[in-house]
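Listed here are the chains, written in short residue letters.
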Amino acid sequence: MAYISLTGGLFFVLRGLRGDPRRNGNLRYLFESYTLDTEKRELHRAADAVSITPQVFDLLDYLIRNRERVVSKDDLIAAVWNGRIVSDAALTTRLNAARNAIGDSGEEQRLLKTLARKGFRFVGQVQEERSGAAPDNRAEPPKCSLALSTRPSLAVLPFVNLS
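Since we're looking at a predicted model, the values are computed, not measured. (Residues numbered from 1 in each chain as written. Predicted model: local features only at pLDDT ≥ 70, side-chain atom pairs only at ≥ 80, totals over all residues. Heavy atoms only, no water.)

### As for the packing of helix α1 (residues 54–65) against helix α2 (residues 73–80)
It is at 10 Å that the axes of α1 and α2 come closest, and there the two elements cross at 125°. It follows that α1 is oblique to α2 by the angle criterion. The two elements α1 and α2 meet at a crossing, and its hand is right-handed. Taken together, the residues of α2 that come into contact with α1 (itself represented by Gln-55, Asp-58, Leu-59, Tyr-62 and Leu-63) are Asp-75, Leu-76, Ala-79 and Val-80. Taken together, the residues of the contact of α1 with α2 sort by class into 6 nonpolar, 1 polar and 2 charged. (Axes fitted to C-alpha atoms, helices over the stretch in contact; angles between N-to-C directions. Helix = DSSP H or I, 4+ residues; strand = E, 2+ residues; numbered from the N terminus. Parallel < 35°, antiparallel > 145°, perpendicular 65-115°, else oblique. Left-handed = near helix turned anticlockwise from the far one by under 90°. Contact = heavy atoms within 4.5 Å. Nonpolar A, V, L, I, M, F, W, Y, C, P; charged D, E, K, R; others polar.)

### What to know about helix α3 (residues 88–101)
In this model α3 runs 20 Å from its N-terminal to its C-terminal C-alpha over 14 residues, within 8% of the 20 Å that 1.5 Å per residue would give. Where α3 is concerned, the buried positions are Leu-91, Leu-95, Ala-98, Arg-99 and Ala-101. Looking straight down α3, one finds its buried side chains confined to an arc of 165°; they lie on one side. Those residues of α3 that are exposed and angled more than 90 degrees off the buried face are Ala-89 and Asn-100. (Expected span 1.5 Å × (residues − 1). Buried < 20%, exposed > 50% of the residue type's maximum accessible area, 1.4 Å probe, protein only. Arc of directions from axis to C-beta.)

Below, the structure is given as structure tokens:
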């Protein structure tokens, strides 16, 4: 969700215009001996938690969710840094931190592959599962009666001066 401030006491709320790394719901990605839990925003190696920064988590999350394609540098910047201007060094630093967190390296590129002048791709074997998934014998959750649009939406809200 993005907020655009305007003069005259109005601001716009934009939804659905960009892939937000935190929109994954409660998925867990399992690869090698690692688990990336998007609900808890945690990375685990076996039973041990791996300490990573929020940007590194978002970068891993985005690359794993988009593992079927090559992700360009611009895609990563839009998703992880919300389109802010980021130096190549900052991007490289976060990629190296992500590789270190999952036991990979720039030389080996076992899980995170760099494709010269194209982008990046997560190439490890991944299994997806829902966090807190119970056995299949539980009742199906009630369906929402309102259909949510997949198209971008726009809302104009009045500004309330609280001063």
